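Spelled out, the chains give:
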Amino acid sequence: MNNKHYRFGLFTIALGIFMLAQNTLKAQIPSTHWAKDGYQYYKVQSGEIVVLDARDAAKKTILLSKAQLTPEGKSAIIPRNFYLSEDGQKVLIYTNSKKVWRYNTRGDYWVYDLTAKSLKKLGANLPASSLMFAKFSPDGSKVAYVCGHNIYTETLAGNSIKQLTTDGTDKLINGTFDWVYEEEFFCRDGFRWSPDSKQIAYWQIDASKTKNYLMLNTTDSIYPYVKPVEYPVAGEPPSPFKIGVVSTTGGTTKWMDIPTDPVLQSYVPRMEWAANNTELIIEHLNRAQNETDVMICNIATGRSRSVYHEKDNAWIDILPEWEEHYYYGGWDWFKKGAEFLWASEKDGWRHLYRVSRDGKKETLITKGNYDVMQINAVDETSGYVYFSASPDNATQKYLYRTKLDGSGKAERLTPATEPGTHEYDVSPNGKAATHNFSNYYTARTSEVVSLPEHKTFSGAEQVAKAVSGSAEIKAKSNIEFLKVKTEDNVVMDGWMVKPDNFDPTKKYPVVLYVYGEPWGQNVKDENGASNNFLYAGNMAQDGYIYLSIDNRGTPVPKGREWRKSIYKGIGTLNIRDLAMGTKQLLKERTYLDTTRVAVWGWSGGGSSTLNLMFQYPEIFKTGIAIAAVGNQLSYDNIYQERYTGVPIDEASRAVFLKGSPITYAKNLRGNLLYIHGTGDDNVHYQNAELLINELIKYNRQFQLMSYPNRTHSISEGPGTFQHLSTLYTNYLKEHCAPGAR
């Protein structure tokens, strides 16, 4: 589900409603479209597509002007995204987008021919905003796209359209995915052009036997109506998949023979052409997601063979789960297809490997006691891979590079004078990068740098100004990064925001912000990470101490053991860590008022809030839980089974219930505000009602706020955020009074 990298799903709402739209946009629109020379790059600016040069900030060329983007007799197209053909002579423009579950992945596409100076709309006779994942063929002569769960190609010379699949329905899905594949594997774009532009490989998902969750819309018409969503809960088998190849001239699809468990089923979250026109490469996961096979499929015979196998005692993270650059596909090859890049935690850290095509040889590329946090660029020509890591501080992030042959040590490229969190978009040849930097006392700043020297091409004044003033801001900051060691000898990172005019001889109320599950890291050394977006006002001015801790199981760069210790322990291990961490801080810091301790969180953080209130009522007096999972057996199978196992009998089901808030609801003693949207397609409103029933059963009094027909973000409708913020703030002030005592 999602985060990190603040993905929009069950466990993705870590930074607030106002961040959701921005992160949704970021996940779909690369901030930089690099040119082949590694210095020039393309961007949308003021409704135009322009060419910029990293070496010269003043240099700008308009590639497509507003006039060129204006169809005859119509308003100008506003590009949401764009792509260039391989020869750079055509531009594919995505506009008029509409949301499909989380992201705006359908819309209209236009092609501008720079040679002919012509602008044409694709799929002219298809419904508006109905095309998905359009992309040029490698030779630039065609565009393929999905519409109505079928795959089409369109020849640009003459705009003739060929429908390659005809059996697509809401339940038989070609070229894209069902709800749970999209949510948990980030699988959206479900087809791939062959290198010679003559064939298309694609997924087919059969959701016909996947049960529908029936959502009830009671606000958009006088008569309520049902909105079904195919949604396999934990314990239910996933929708079966097929991988097929079809010619662009039409004809029957050749299906690959991929073994699967006929009862439990399995998953294929990754598929690409295997660096040629005759084979595909796939990643095949078993249902429990603790064994994976990399398989080569012969497209002529359909035969598949495993070339690499890996097993984990907990679970295996596929690449797009932690690396957003692979959300829409990609596979890194070396030596013209003789080797490929692979990421694994098998030595205790997340590292990169080179694996031979037959799987018989592998070379460790990144070496040492650190995790690769992101793959920023792979440049075989220069022999380097650029990646992000933070060996010494799990709250920060820096750029490194190391040799692709595994020789030598990782070289840090980020300046030592800039501690904090760094984000890079590195050009394909590693010569330049856009760079964003901030820490808790330095506002976010941007520049364009050369690599590996990390010299500023442009933005130097902005960076210098931000860094020069940061020392004074740091000295005045009321934010403290800390470590807390519990009675279980677990050491966790945290941050604490102290009140204005703080007096250590007095006692202050504590508000703990939690997430706690494998998709969320709260404690990051970046600007604004410790802000409470939901509080209407200023917590520091009002006299609150705001606090957050990252427990074991959170996706921080502390190694495999840290992250996977939570296996079969969501709702227990993470809850104890958070409780014991809070207990230790209450003991060590006498200015924390033990009678005024509140906790809150959203989604996975809402679940953690409920469990903390129910399992440790002696510590937490007030809780605000938003969009929480009340019963883990009601959440989707890919996420919940990944971390808790497959519930095939009573014993395995008991593990899910052991971590579920409904199991402990009878222990509520403090003040609880529970908030949920009735239109939540992710954590269904059923979770609220299951929890409510348990609280009623044991006469536990609480306050409920349901938002009609709002989704997991509770962001739809006029006035919604203001109402939610006011509700949150008033409840907190009433039950966990602000100010020193």
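Residues numbered from 1 in each chain as written. Predicted model: local features only at pLDDT ≥ 70, side-chain atom pairs only at ≥ 80, totals over all residues. Heavy atoms only, no water.

Per an unreviewed UniProt entry, the protein goes by S9 family peptidase and derives from Mucilaginibacter glaciei.

A. Summary view of the overall build of the protein. In terms of regular secondary structure, the protein is built from twelve helices and 43 strands. Against the 2.2 N^0.38 benchmark of 27 Å for 741 residues, the protein shows a C-alpha radius of gyration of 26 Å, consistent with a compact globule. Along the longest, intermediate and shortest principal axes, the C-alpha atoms of the protein span 75 × 60 × 60 Å. Burial status across the protein gives 59% buried among its 741 residues. Partitioning the contacts of the protein with sequence separation of at least 6, the portion at a separation of at least 24 is 59%. Total accessible area on the protein stands at roughly 29000 Å², and carbon and sulfur atoms take up 50% of it. (Helix = DSSP H or I, 4+ residues; strand = E, 2+ residues; numbered from the N terminus. Rg over C-alpha atoms; globule rule 2.2 N^0.38 Å. Buried < 20%, exposed > 50% of the residue type's maximum accessible area, 1.4 Å probe, protein only. Contact = heavy atoms within 4.5 Å. Areas by Shrake-Rupley, 256 points an atom, 1.4 Å probe, with all protein chains shown as cover.)

B. Broad picture of the side chain of Ser-390. With respect to the helices, strands and loops of the structure, Ser-390 is situated in the loop between β29 (384–389) and β30 (398–403). Classification of Ser-390 as buried rests on a relative accessible area of 3%. Within the structure, Ser-390 has its side chain in polar contact with the backbone oxygen of Gln-396 (distance 3.4 Å). Setting aside residues up to four positions removed in sequence, Ser-390 forms contacts with Met-373, Gln-396, Lys-397 and Tyr-398. (Polar contact = N/O pair within 3.5 Å; in protein donor to acceptor, adjacent residues only side chain to side chain.)

C. A look at the pattern of salt bridges. The tally for this structure, following the rule as stated, stands at 35 salt bridges. Across the pair Glu-272 and Arg-192 runs a salt bridge, and its minimum N-O distance is 3.0 Å. In this pair, Glu-272 is assigned in strand β20 (residues 266–273) and Arg-192 in strand β14 (residues 191–193), connecting sequence segments 80 residues apart. You can call Glu-272 buried: its relative accessible area is 13%. Residue class for Arg-192 comes out buried when judged on its relative accessible area of 9%. (Salt bridge = Lys/Arg side-chain N within 4 Å of Asp/Glu carboxyl O.)

D. View of the packing of aromatic side chains. The final tally for this structure, using the stated rule, is 37 aromatic pairs. Each ring, one from Trp-315 and one from Tyr-567, has its centre 6.3 Å from the other, and the planes form 45°; the classification is tilted. Residue Trp-315 is found in the loop between β23 (304–311) and β24 (333–334), and its partner Tyr-567 is found in the loop between α6 (560–564) and α7 (573–588); the two are separated by 252 residues along the sequence. The class of Trp-315 is buried, set by a relative accessible area of 2%. Above the face of the Trp-331 ring, Arg-270 is positioned so that its terminal group lies 4.2 Å from the ring centre. Here Arg-412 stacks its cationic end above the ring of Tyr-398, 3.8 Å away from the centre of that ring. (Phe/Tyr/Trp six-rings, centres within 6.5 Å; stacked < 30°, edge-to-face > 60°. Lys NZ or Arg CZ within 6 Å of the ring centre and 35° of its normal.)

E. Representation of the pairing of strand β43 (residues 703–707). The pairing of strand β42 (residues 671–677) with β43 spans five bridges and is parallel. Bridging from a neighbouring strand, His-676 pairs with Ser-706 of β43. Once the chain exits β42 it traverses helix α11 (residues 686–697) before rejoining the sheet at β43, and the crossover so formed is right-handed. (Pairing = 2+ DSSP bridges. Right-handed = clockwise from strand over helix to strand, strands pointing away.)

F. Spotlight on the environment of Trp-600. Relative to the helices and strands, Trp-600 resides in strand β40 (residues 592–602). We classify Trp-600 as buried; its relative accessible area is 1%. For the pair formed by Trp-600 and Thr-622, sequence separation is 22 residues and the distance between their alpha carbons is 8.5 Å. With residues near it in sequence (within four places) discarded, Trp-600 still touches Val-511, Leu-512, Tyr-513, Val-514, Asn-532, Phe-533, Leu-534, Tyr-546, Thr-609, Ile-624, Ile-626 and Tyr-728. Within the local environment of Trp-600, its side chain forms a polar contact with the side chain of Tyr-546, the two groups lying 3.1 Å apart. Among the polar contacts listed, one links the side chain of Trp-600 to the side chain of Tyr-728, at a separation of 3.0 Å.

G. Focus on the environment of Asp-649. Tracing the backbone shows Asp-649 in the loop between α9 (637–644) and α10 (650–658). We classify Asp-649 as partly exposed; its relative accessible area is 38%. Expressed as a C-alpha distance, the spacing of Asp-649 and Val-146, which sit 503 residues apart in the sequence, is 40 Å. Separated by 3.3 Å, the side chain of Asp-649 and the backbone nitrogen of Ala-651 make a polar contact. One polar contact links Asp-649 to Ser-652, side chain to side chain, over a distance of 2.8 Å.

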